[in-house]
Structure formats: structure tokens, C-alpha cells
Amino acid sequence: LELAQKAASLKPEAMILDTLAEAYLVNGRPDKALEVIGQALKQNPPNRAYYQSQEERFQKALNREK
């Protein structure tokens, strides 16, 4: 998580933000994962469908947590 945060602060590209979102998810923070993947989607990445599927996955994880 720490390294992903550093990478994202240096180069906040969609691919790196996706890695950070994954790190948040595995560390029990689906809320932060959802927030970060939203930032990636705002960049309108070419493989948008992948990032949308990630967003759905993180949303489901957040819903399970509630």
C-alpha cells in the first residue's frame, strides 16, 4: 500500500491508480479503493471497461462491508 501510494503521488496515471485501488481493497479499505478507481476513470483510459468492472467490484466489496 505504501509503495502504491508513493507511485500514485509521483505519476497518477490510471494503471498506477488501479494498483493503488487494489492495495486499498486488500488492506480492507474498499471505500478508498472506490474513490481511487473513480480518479482513474476520470482520466478516460482507453480500456475503460476494465476500470468500470473494477469500480463494480470495489462497490460490491463496500456493500458487503456494511
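Structure: above.
Numbering of residues starts from 1 in every chain and runs along the sequence as written. The predicted origin of the model limits local features to residues at a pLDDT of at least 70 and limits the giving and counting of side-chain atom pairs to 80 or more, whereas totals for whole chains, interfaces and linings rest on all residues. Note that the side-chain values use all heavy atoms of the structure and ignore hydrogens as well as water.

Turning to the nonpolar core, a few remarks are in order. Residues belong to a common nonpolar core when they are buried Ala, Val, Leu, Ile, Met, Phe, Trp, Tyr or Cys residues joined through side-chain atoms within 4.5 Å. Here's how the labels work: a residue is buried when its accessible area is under 20% of the maximum for its type, exposed when over 50%, partly exposed in between, all with a 1.4 Å probe on protein chains only. If you look at the biggest cluster of nonpolar residues, it comprises 20 residues, and the most contacted ones within it are I37 and F58. A helix here means a DSSP run of H or I that spans at least four residues, while a strand means a run of E at least two residues long, and both kinds are numbered starting from the N terminus. Put simply, the parts of the chain that give this core at least two residues each are α1 (2-10), α2 (14-26), α3 (30-42) and α4 (48-65). For this core, the element with the highest residue contribution is α2, accounting for 8 residues. Every residue in contact with I37, bar those within four places of it in the chain, is listed here: D18, A21, Y51, Q54, E55 and F58. Pairs of residues are marked as contacts when any of their non-hydrogen atoms sit within 4.5 Å.

Here the focus is the environment of A8. With respect to the element layout, A8 can be found in helix α1. Of the residues examined, A8 reaches a relative accessible area of 9% and is grouped as buried. Distance from A8 to T19, taken between C-alpha atoms, is 8.7 Å for residues 11 residues apart in sequence. If we ignore the near neighbours within four places in the chain, the residues touching A8 are I16, L17 and L20.

Moving on to the packing of α1 against α2. Comment: axis = line fitted to C-alpha atoms, over the contacting stretch for helices; angle = value between 0 and 180 degrees taken between N-to-C directions. Interaxial distance between α1 and α2 falls to 9 Å at its minimum, and their mutual angle equals 155°. Here α2 runs roughly antiparallel to α1, going by the angle between their axes. With respect to the hand of their crossing, α1 and α2 are arranged in left-handed fashion. Between α1 and α2, the contacting residues are A4, Q5, A7 and A8 on the first element and I16, L17, T19, L20, A23 and Y24 on the second. All amino acids are sorted into three groups, where Ala, Val, Leu, Ile, Met, Phe, Trp, Tyr, Cys and Pro are nonpolar, Asp, Glu, Lys and Arg are charged, and the leftover types, Gly among them, are polar. Of the residues in the contact of α1 with α2, the class split is 8 nonpolar, 2 polar and no charged. In what follows, roughly perpendicular refers to angles from 65 to 115 degrees, roughly parallel to angles under 35, roughly antiparallel to angles over 145, and oblique to any angle outside these ranges. With the far helix as reference, a near helix turned anticlockwise by less than a right angle produces a left-handed crossing, and one turned clockwise produces a right-handed crossing.

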